[in-house]
Amino acid sequence: MVKIVLKGLEETEEFGKKLGSLLQAGDLISLTGDLGAGKTTLTKSIGLGLGVADYITSPTFTLINEYRGRVMLYHFDVYRLEGADDLLDLGYEDYFYSNGVTIVEWGDKIENILPEERININIEKGKELDERIVTLSGKGERFEKIVRELNLN
Amino acid sequence: MKVLAIDTSTMMATCAVLDEERLLGEFSLNQDMSHSENLIPMVKEIMDNLKLEISDIDLFAASIGPGSFTGLRIGIATVKSLAHVLDKPVVGISTLEGLAFNIVRSGIIVPMIDARRNRVYTAIYKKDGQRLKSLLDPTTMDIDELLELLDKEHTNIVVNGNGASLYRDKIKDKLKDRVEFAPISLNSPRAASIAELALIKKDEIEHNYYNLVPIYLKESQAQQDIRKREG
């Protein structure tokens, strides 16, 4: 588990872009944090790092948004879903195990069907205005490699 | 009687035209999940090359699962709409039975399709003349549980499907020289097998373009919770 304090919007964007630049086809991020913590904002920065030119918007109502970048980006928001069963109907496996990068907002709601090898990111507000505390945890080679490459010290 | 068969239940999109005597054409692409873009052009390519019209087809067949939810829907919706428009009969064939039908040899045939998180869609068949006898009907199973079962009850086993490739080492470790892996050419779904099974089974399967639906074999959330509690 790695904890990072990001002081201000700029640092948060830098972090997202860097993370986005490190992601590869097949990676999955489960993104958690309270309403307004900045999950979609962080996803936008990750998208920039992945070379997505489109404007990334919240998938709260659409459930899944797809973007073309260096690799495909699939952006899920499962907040409104009742649980894993709803995702079955969406054909989630073709996204989670695809040749793209998947980001699942509120991933903890469907934890039992997320791939075991994944990157969990929790984002919360810090003490200062616009300060964010990001916690990374996960399992698998990809997670460990990404944490190494992020070079957080 | 000409059969057009489609299988899009895995990464492999495959379609074939076959009659009682010959395979007329087969087109398979193992690329990505863009079946919705590829499938109809693939069918057209086969038909054009064979100088056939779609109305020359007498029977439509689809692989009905288990497999990718989206893939199954694409294949089945395509077959249903073609059959509906032309008012022709339609038959659905299990993806697992189709895979097992690829293998021509005596003994036990165990097709496996990756169901994620250490599970496979699987069934156990035994060749019985031209037909396959089911010893275990299509189900979802933990790979270790399946290997335990095979280890206890069977010898002379052939496995195929993407699940068999994924768990190759594990299968080999457990079953040793009692298991054989299918050659690459017989490891993936083949529409020709679906087409031939459709010809064999057409009179006993009561499908039509209204009642044909996918068999997902996915455990519901509640079933998974029970399994977790009991496991």
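In this text, all values refer to a predicted model and were calculated from it rather than measured experimentally.

*Asks:* How would you explain the sheet that holds strand β5 (residues 101–105) of chain A if you had to name every residue and give the values?
*Replies:* Residues and elements named next belong to chain A. The seven strands lie next to each other as β1-β7-β6-β2-β5-β4-β3, forming an open sheet whose pairing is mixed. Pairing within the sheet leaves two strands with one partner each, and these edge strands are β1 (2–7) and β3 (64–68). Between one strand and the next, the sheet's axes are offset by a mean angle of 20 degrees, whatever the strand orientation. Pairing of strand β6 (residues 118–125) with strand β7 (residues 131–139), which is carried by eight bridges, proceeds in the antiparallel orientation. By the bridge assignment for β7, Ile-119 is matched with Gly-138. Seen against the sheet, helix α1 (residues 9–22) touches β1 and β7 and runs at an angle of roughly 135 degrees to β1.

*Asks:* Residues and numbers for the sheet that holds strand β7 (residues 119–128) of chain B, please.
*Replies:* Residues and elements named next belong to chain B. In spatial order, the strands read β8-β7-β6-β9-β10; together these five strands make up an open sheet with mixed pairing. Each edge of the open sheet carries a strand with a single partner, namely β8 (131–142) and β10 (179–181). Mean inter-strand twist for the sheet, computed between neighbouring axes without regard to direction, equals 25 degrees. Sheet topology places strand β6 (residues 108–114) next to β7; five bridges connect them, and they run antiparallel. Its bridge partner lying in β7, Ile-109 is registered against Tyr-125. Contacts between helix α4 (residues 143–153) and the sheet are confined to β6, β7, β8 and β9 (157–160), with β8 contributing the most and set at about 140 degrees to the helix. Where helix α6 (residues 168–175) meets the sheet, it contacts β9 and β10, and its direction lies at approximately 155 degrees from that of β10.

*Asks:* Go over α4(B), please, and point to the residues and values.
*Replies:* Residue and element names in this part refer to chain B. Those residues of α4 that fall on the buried side of the exposure criterion are Ile-143, Leu-146, Leu-147 and Leu-150. Down the axis of α4, the smallest arc covering the buried residues is 95 degrees, so these residues share one side. Residues of α4 that are exposed and angled more than 90 degrees away from the buried face: Lys-152 and Glu-153. The secondary structure elements touched by the buried residues of α4 are β6, β7, β8, β9 and α6.

*Asks:* How would you explain the packing of α1(A) against helix α5 (residues 141–150) of chain A if you had to name every residue and give the values?
*Replies:* Residue and element names in this part refer to chain A. One way to put it is that α1 packs onto α5 with a least axis distance of 10 Å and a crossing angle of 130 degrees. Looking at the two axes, α1 sits oblique to α5. Of the two elements, α1 crosses α5, and the hand of that crossing is right-handed. Here α1 contributes Lys-18, Leu-19 and Leu-22 to the contact with α5, which in turn contributes Ile-146, Glu-149 and Leu-150.

*Asks:* Kindly report on the pairing of strand β1 (residues 3–7) of chain B, identifying the contributing residues and their values.
*Replies:* Residues and elements named next belong to chain B. With five of five residues buried, β1 lies mostly within the body of the structure. The side-chain alternation of β1 yields two buried faces, one formed by Val-3, Ala-5 and Asp-7 and the other by Leu-4 and Ile-6. In this sheet, strand β2 (residues 12–18) lies alongside β1 in antiparallel orientation, the contact comprising five bridges. Paired with Ala-5 across the strands is Ala-16, a residue of β2. Between β1 and the antiparallel strand that follows it, β2, lie four residues. Inspection of the sheet shows β1 paired to strand β4 (residues 59–63) by four bridges, in the parallel sense. Within β4, the position partnered with Ala-5 by the bridge is Ala-61.

Definitions and cut-offs
- Residues numbered from 1 in each chain as written.
- Chains lettered and ligands numbered in written order.
- Predicted model: local features only at pLDDT ≥ 70, side-chain atom pairs only at ≥ 80, totals over all residues.
- Pairing = 2+ DSSP bridges.
- Helix = DSSP H or I, 4+ residues; strand = E, 2+ residues; numbered from the N terminus.
- Axes fitted to C-alpha atoms, helices over the stretch in contact; angles between N-to-C directions.
- Contact = placed C-beta atoms within 7 Å.
- Buried ≥ 20, exposed ≤ 12 C-beta atoms within 10 Å, placed from the backbone.
- Arc of directions from axis to C-beta.
- Parallel < 35°, antiparallel > 145°, perpendicular 65-115°, else oblique.
- Left-handed = near helix turned anticlockwise from the far one by under 90°.

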